[in-house]
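Residue strings, one per chain:
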Amino acid sequence: MSELFQNRVVFVTGAGSGIGFAICREFAKQGATVALNDIREDVAQSAAQSINDTVGRDAVTPYVFDVADVEATQSAIREFDTQQG
């Protein structure tokens, strides 16, 4: 694991698959703590577990909400921030 993003936090939306998933995986490989968002709970959970297994640490936390819902988005960011704090 590289340390390029050590002590950095990122929040990636639409990250259960495709480009978002790849972005989360690479940030985690580079040492970041990652909040992975997807609208589908099973996909978010599976993606986070897959990345954590790959990097060998609990780097990724899944969050399930629709980014079109401003209150849900703000709540998830506050929750993630509190967990990191």
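For clarity, every value in this text was computed on a predicted model and none was experimentally measured.

Some points on the side chain of Thr73
Inference 1: Residue position: Thr73 is located in helix 3 (residues 70-84).
Inference 2: Classification of Thr73 by relative accessible area gives buried; the value is 18%.
Inference 3: One polar contact links the side chain of Thr73 to the main-chain carbonyl oxygen of Val67, over a distance of 3.4 Å.
Inference 4: The contact partners of Thr73, leaving out residues within four places of it in the chain, are Phe65, Asp66 and Val67.

Some words on unusual backbone geometry
Generally, phi is negative for residues other than glycine and the peptide bonds are trans, each holding for most cases.
Inference 1: One non-glycine residue, Asn7, lies in the positive phi region at around 65°.
Inference 2: Note that Asn7 resides in the segment before strand 1 (9-12).

Focus on the side chain of Asn37
Inference 1: Residue position: Asn37 is located in strand 2 (residues 33-38).
Inference 2: Owing to a relative accessible area of 3%, Asn37 belongs among the buried residues under this scheme.

Brief notes about helix 3
Inference 1: The end-to-end C-alpha distance of helix 3 is 21 Å, a good match for the 21 Å that 15 residues give at a rise of 1.5 Å each.
Inference 2: Residues Thr73, Ala76 and Phe80 constitute the buried set of helix 3. Angularly, the buried residues of helix 3 cover 65° about the axis, an arc narrow enough to put them on a single face. In this structure, helix 3 carries Val70, Glu71, Arg78, Asp81 and Thr82 as exposed residues pointing more than 90 degrees from its buried face.
Inference 3: For helix 3, the secondary structure elements touched by its buried residues are strand 1, strand 2 and strand 3 (60-64).

Remarks on the pattern of salt bridges
Inference 1: For the structure shown, the criterion picks out three salt bridges.
Inference 2: Residue Lys29 is joined to Glu26 by a salt bridge in which the shortest nitrogen-to-oxygen separation is 3.6 Å. With Lys29 and Glu26 both in helix 1 (residues 18-29) and three residues apart, the pair spans about one turn of that helix.
Inference 3: Judged by relative accessible area, which is 32%, Lys29 ranks as partly exposed.
Inference 4: When its relative accessible area of 36% is taken as the criterion, Glu26 is described as partly exposed.

Reading the values: rules and limits
Residues numbered from 1 in each chain as written. Predicted model: local features only at pLDDT ≥ 70, side-chain atom pairs only at ≥ 80, totals over all residues. Heavy atoms only, no water. Helix = DSSP H or I, 4+ residues; strand = E, 2+ residues; numbered from the N terminus. Buried < 20%, exposed > 50% of the residue type's maximum accessible area, 1.4 Å probe, protein only. Polar contact = N/O pair within 3.5 Å; in protein donor to acceptor, adjacent residues only side chain to side chain. Contact = heavy atoms within 4.5 Å. Expected span 1.5 Å × (residues − 1). Arc of directions from axis to C-beta. Salt bridge = Lys/Arg side-chain N within 4 Å of Asp/Glu carboxyl O.

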